[in-house]
Amino acid sequence: MDQANPFETPRTYSLHRAEYLVGFAVTTGLMIAHFDEIRWLPAIALFLYIDLIGYIPGALAFRRSGGRPIHKAYYVLYNVMHSLITQAAVAALWCWLVKPEWALLVLPFHLFGDRGLFGNFMKSFALPFEPVRQPGYLRLLDDLGLAHPKPVGHVTDPVPVGHVRKPVPGAQAAAAAEPAARQAEALR
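Residues numbered from 1 in each chain as written. Predicted model: local features only at pLDDT ≥ 70, side-chain atom pairs only at ≥ 80, totals over all residues. Heavy atoms only, no water.

### Concerning the nonpolar core
And then number 1: Membership of the largest hydrophobic core comes to 14 residues, with the highest contact counts inside it found for L46, L104 and L107.
And then number 2: Among the elements of the structure, α2 (40-54), α5 (84-97) and α6 (106-116) are those that each provide at least two residues to this core.
And then number 3: When residues no more than four places from it in sequence are discounted, the contact partners of L107 are L46, Y49, I50, Q87, V90 and A91.
And then number 4: Counting seven residues, the second-largest nonpolar core is a separate cluster that includes A59, A61, Y75 and Y78. (Core = buried A, V, L, I, M, F, W, Y, C linked by side-chain atoms within 4.5 Å. Buried < 20%, exposed > 50% of the residue type's maximum accessible area, 1.4 Å probe, protein only. Helix = DSSP H or I, 4+ residues; strand = E, 2+ residues; numbered from the N terminus. Contact = heavy atoms within 4.5 Å.)

### Some words on a nonpolar patch on the surface
And then number 1: Among the surface-exposed residues, F35, W40, I44, L48, L52, I53, I56, L60 and L77 lie close enough to one another that they form a single nonpolar patch of about 780 Å² accessible area.
And then number 2: Of all elements in the fold, only α2 and α3 (56-64) reach the threshold of two or more residues within the nonpolar patch.
And then number 3: Of the residues forming the nonpolar patch, the biggest block, five residues, is contributed by α2.
And then number 4: Within the element layout of this structure, L60 appears in helix α3.
And then number 5: With a relative accessible area of 40%, L60 lands in the partly exposed category. (Patch = residues over 30% accessible without salt bridge, like charges linked within 9 Å, V, L, I, M, F, W, Y side chains within 5 Å. Areas by Shrake-Rupley, 256 points an atom, 1.4 Å probe, with all protein chains shown as cover. Salt bridge = Lys/Arg side-chain N within 4 Å of Asp/Glu carboxyl O.)

### Description of the pattern of salt bridges
And then number 1: Within the structure shown, the criterion is met by two salt bridges.
And then number 2: Note that E101 and R39 form a salt bridge whose closest N and O atoms lie 2.7 Å from each other. Placement of E101 in the loop between α5 and α6 and of R39 in the loop between α1 (10-33) and α2 is noted, with a sequence separation of 62 residues between them.
And then number 3: Here R39 falls in the partly exposed class, since its relative accessible area comes to 37%.

### Digging into the side chain of S65
And then number 1: Along the chain, S65 turns up in the loop between α3 and α4 (72-81).
And then number 2: Classification of S65 as buried rests on a relative accessible area of 5%.
And then number 3: At 2.8 Å, the side chain of S65 forms a polar contact with the backbone oxygen of F62. (Polar contact = N/O pair within 3.5 Å; in protein donor to acceptor, adjacent residues only side chain to side chain.)

### Details of α4
And then number 1: Along α4, the residues that are buried comprise Y75, Y78, N79 and M81.
And then number 2: Close packing links the buried residues of α4 with α2, α5 and α6.

### Description of the packing of α2 against α6
And then number 1: Following both chains from N to C, one finds α2 and α6 inclined at 40 degrees, their axes separated by 9 Å at the closest point. On the basis of their axis angle, the class for α2 and α6 is oblique. Considering how the two elements wind past one another, α2 and α6 form a crossing that is right-handed. Contact residues: α2 offers A43, L46, F47, Y49, I50 and D51, while α6 offers V106, L107, F109, H110, L111 and D114.
And then number 2: Each residue belonging to the contact of α2 with α6 can be placed in one class, and the counts come to nine nonpolar, one polar and two charged. (Axes fitted to C-alpha atoms, helices over the stretch in contact; angles between N-to-C directions. Parallel < 35°, antiparallel > 145°, perpendicular 65-115°, else oblique. Left-handed = near helix turned anticlockwise from the far one by under 90°. Nonpolar A, V, L, I, M, F, W, Y, C, P; charged D, E, K, R; others polar.)

Spelled out as structure tokens, the structure:
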């Protein structure tokens, strides 16, 4: 939305994803155009290593956690491995140590696909590792008069778990006092 409110409404989120879909389409087109020039064994390895290091360990930990928080290292691994900066460095290192080649297209293909097709962006320590709609976000959409997006990857939304929520000092007292303050204001 803006730098003071870095959240997205369903519409801006769709537009954000659409930008990555353009990158995905371009890399797909380049891969098709240079299909015979791609060394497929390195390409497959480059495609898979991102998730083998950055996603699979965190996804397994999340599923095994049984509702308990998972270690922040899983979030860091995901964010580092799914960073365009990291993968640009990997591609540069590959070009220097191996050679420049069309197989490197799978790096942006993977990231653009994750973001454009699946809507997977960087992971926040404040949210579960896997996407679960948060009641606070749904309340925000209500306040903005926007429809709720459908549950993501679940038949119904599970309870938001897998992260630590630290209580804000005085937040409960302020929340409890809010209805009384509204009532007093209405009587004035």
